[in-house]
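Residue-level listing of the chains:
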Amino acid sequence: MKQIQWFPGHMFKSLREIKEKLKLMDIVYILLDARIPYSSMNPNVLEIVGVKPTLLLFNKIDLADHNQTKRWTKYYEEQGFYTLEIDAQSGKNVSMIYEKSLEILSDKIARQKSKGMQQQAIRAMIMGIPNVGKSTLINQMTKTKATKTGNKPGVTKAQQWVKINDQFELLDTPGVLWPKFDLEQVGYSLAITGAIKDTILPIDDVVYHAVEHLKQYYPKQLMERYELTSLDKEFIEILDEIGKRRGALLKGNEIDYERVYSILLTDIRNKHLGGLTFDRYDKLISISR
Ligand code: G4P
């Protein structure tokens, strides 16, 4: 794909800052969008986190295709990451983040104990690409925990640690990462799910890729949602049929394609076609290798 300025330069510059903050952490949480577990992963993640224990949080599982989520979690676990599926909006599995962190850090904790040291609070921070749900998760984790523990030396003034419990502190500002740029498919995955603005890629291209994906992997959901009689049609014919059914018409009964695009993207993003994953494990892993 051509060089695309999807993300502002400051995001890349923040890398040094993130690395600085990481020194203070016992564990890092990288949020992935479960609908696009490949495209929402930062390409430099291993370089960024180094040997720091890393838990990949598959967020928005409510919107994703459960079977694909299982394939992707397995894939990342095989790469040495820990994984947990969550829904930051409803709070599903959010309380498990702490339990999982204890498990991951159990050796370190046991070592401290054996040296007669008092158990230190676990310090963690959340990182991820824009719109992946970082603020939602921080709010969810800190909702009932109003106690801010104040500034700690070495951290920028504005940053606060929030005490989740006696043994667990979270940095209240997330680290903003950038996504992968390597494949054309990535741009479409980011656009379809709303991770990048609708104005960045041509909307007709984005919807074309979305419809092709639905035709191939979720034909039943597509047909049922729009009461389509067949999918053995050109893209434009499918848009026409949806436009007619939904009354997305201009004067003279011409199809209002802009409205059809908006109907499709809104329905996809709001789960009106059920759980959907746009990064297919089988497809992406074979072409990215
Ligand atoms: P960020 O800090 O990483 O940039 O993301 P943020 O928390 O702002 O979340 C981006 C959008 O994703 C928000 O929706 C948020 O509600 C939604 N979101 C976060 N986690 C989940 C999840 O697990 N499931 C679902 N379904 N949605 C999630 P928004 O449309 O921008 O705002 P709003 O709908 O909350 O008003």
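An account of the accompanying structure is given in this report. (Residues numbered from 1 in each chain as written. Predicted model: local features only at pLDDT ≥ 70, side-chain atom pairs only at ≥ 80, totals over all residues. Heavy atoms only, no water.)

**Notes on the site of the ligand**
Point 1. Around the ligand there are 15 residues in total, and Asp-62, Asn-131, Lys-134, Ser-135 and Thr-136 lie nearest to it.
Point 2. Residue Asp-62 places a side-chain N or O atom 2.7 Å away from a nitrogen atom belonging to the ligand.
Point 3. Here an oxygen atom of the ligand sits 2.8 Å away from a polar atom, N or O, in the side chain of Asp-87.
Point 4. The protein chains hide 62% of the 700 Å² of surface that the ligand would expose on its own.
Point 5. When residues of the shell around the ligand are assigned to their parent elements, the largest contribution, 3 residues, is made by helix H6 (residues 134-142).
Point 6. Classifying every residue of the shell around the ligand by side-chain character gives 5 nonpolar, 6 polar and 4 charged. (Near = heavy atom within 4 Å. Polar contact = N/O pair within 3.5 Å; in protein donor to acceptor, adjacent residues only side chain to side chain. Areas by Shrake-Rupley, 256 points an atom, 1.4 Å probe, with all protein chains shown as cover. Helix = DSSP H or I, 4+ residues; strand = E, 2+ residues; numbered from the N terminus. Nonpolar A, V, L, I, M, F, W, Y, C, P; charged D, E, K, R; others polar.)

**Observations regarding a negative patch on the surface**
Point 1. Judged by side-chain charge, Glu-184, Asp-204, Asp-205 and Glu-258 come together as a negatively charged surface patch.
Point 2. Relative to the helices and strands, Glu-258 resides in helix H11 (residues 257-269).
Point 3. The class for Glu-258 is exposed, based on a relative accessible area of 53%. (Patch = residues over 30% accessible without salt bridge, like charges linked within 9 Å, V, L, I, M, F, W, Y side chains within 5 Å. Salt bridge = Lys/Arg side-chain N within 4 Å of Asp/Glu carboxyl O. Lys, Arg positive; Asp, Glu negative; His and termini not counted. Charge placed at Lys NZ, Arg CZ, Asp CG, Glu CD. Buried < 20%, exposed > 50% of the residue type's maximum accessible area, 1.4 Å probe, protein only.)

**Examining the packing of aromatic side chains**
Point 1. Summed over the entire model, instances satisfying the criterion amount to 10 aromatic pairs.
Point 2. A connected cluster of aromatic rings, assembled from ring pairs, spans Tyr-38, Phe-58, Trp-72, Tyr-75, Tyr-76, Phe-81 and Tyr-281.
Point 3. Positioned above the aromatic ring of Trp-161 is the side chain of Arg-123, whose terminal nitrogen or guanidinium carbon lies 5.0 Å from the ring centre.
Point 4. Sitting over the face of the ring of Tyr-38, Lys-180 holds its NZ or CZ atom 4.7 Å from the ring centroid. (Phe/Tyr/Trp six-rings, centres within 6.5 Å; stacked < 30°, edge-to-face > 60°. Lys NZ or Arg CZ within 6 Å of the ring centre and 35° of its normal.)

**Description of the pairing of strand E2 (residues 54-59)**
Point 1. The element E2 is extensively covered by neighbouring structure, given that 6 of its 6 residues are classed as buried.
Point 2. Covered by surrounding structure in E2 are Thr-54, Leu-56 and Phe-58 together with Leu-55, Leu-57 and Asn-59, the residues of both alternating faces.
Point 3. Two elements, strand E1 (residues 27-33) and E2, share 6 bridges in a ladder whose sense is parallel. Within the sheet, the bridge partner assigned to Asp-33 lies in E2 and is Asn-59.
Point 4. As defined by bridge partners, E2 adjoins strand E3 (residues 82-85) across 4 bridges and the pair is classed as parallel. By the bridge assignment for E3, Leu-56 is matched with Thr-83.
Point 5. Following the backbone out of E2, through helix H3 (residues 66-78) and into the adjacent parallel E3, one traces a crossover that is right-handed. (Pairing = 2+ DSSP bridges. Right-handed = clockwise from strand over helix to strand, strands pointing away.)

**Quick look at the packing of helix H7 (residues 184-192) against helix H8 (residues 203-217)**
Point 1. Closest axis-to-axis distance for the H7/H8 pair is 9 Å, and the angle between their directions is 95°. Viewed along their axes, H7 and H8 adopt a mutual orientation that is roughly perpendicular. Contacts between H7 and H8 pair Tyr-188, Ala-191 and Ile-192 from the former with Asp-205, Val-206, His-209 and Ala-210 from the latter.
Point 2. The class makeup of the residues in the contact of H7 with H8 is 5 nonpolar, 1 polar and 1 charged. (Axes fitted to C-alpha atoms, helices over the stretch in contact; angles between N-to-C directions. Parallel < 35°, antiparallel > 145°, perpendicular 65-115°, else oblique. Contact = heavy atoms within 4.5 Å.)

**Brief notes about the nonpolar core**
Point 1. In terms of nonpolar packing, the biggest core is built from 91 residues, with Tyr-29 and Leu-137 touching the most fellow members.
Point 2. With residues up to four places along the chain from it excluded, the contact list for Leu-137 reads Leu-31, Leu-57, Ile-86, Ala-88, Val-94, Ile-97 and Ile-126. (Core = buried A, V, L, I, M, F, W, Y, C linked by side-chain atoms within 4.5 Å.)

**What to know about the side chain of Asp-240**
Point 1. Note that Asp-240 resides in helix H10 (residues 235-246).
Point 2. Put simply, Asp-240 is tucked away with no salt bridge, and the nearest opposite charge, on Lys-244, sits 5.6 Å away.
Point 3. Among the polar contacts listed, one links the side chain of Asp-240 to the side chain of Tyr-257, at a separation of 2.5 Å.
Point 4. Ignoring anything within four residues of it in the chain, the contact list for Asp-240 reads Ile-255 and Tyr-257.

**Observations concerning unusual backbone geometry**
Point 1. Even without being a glycine, Asn-93 presents a positive backbone phi close to 65°.
Point 2. You can see Asn-93 is positioned in the loop between E3 and helix H4 (96-104).

**Quick look at the environment of Thr-193**
Point 1. Secondary-structure assignment places Thr-193 in the loop between H7 and H8.
Point 2. Measuring from C-alpha to C-alpha, the distance between Thr-193 and Val-132 comes to 10.0 Å, with 61 residues separating the pair along the chain.
Point 3. Setting aside anything within four residues of it in sequence, one finds Thr-193 in contact with Asp-33, Arg-35, Ile-36, Arg-269 and Phe-278.

Geometric values such as these leave the question of function open.
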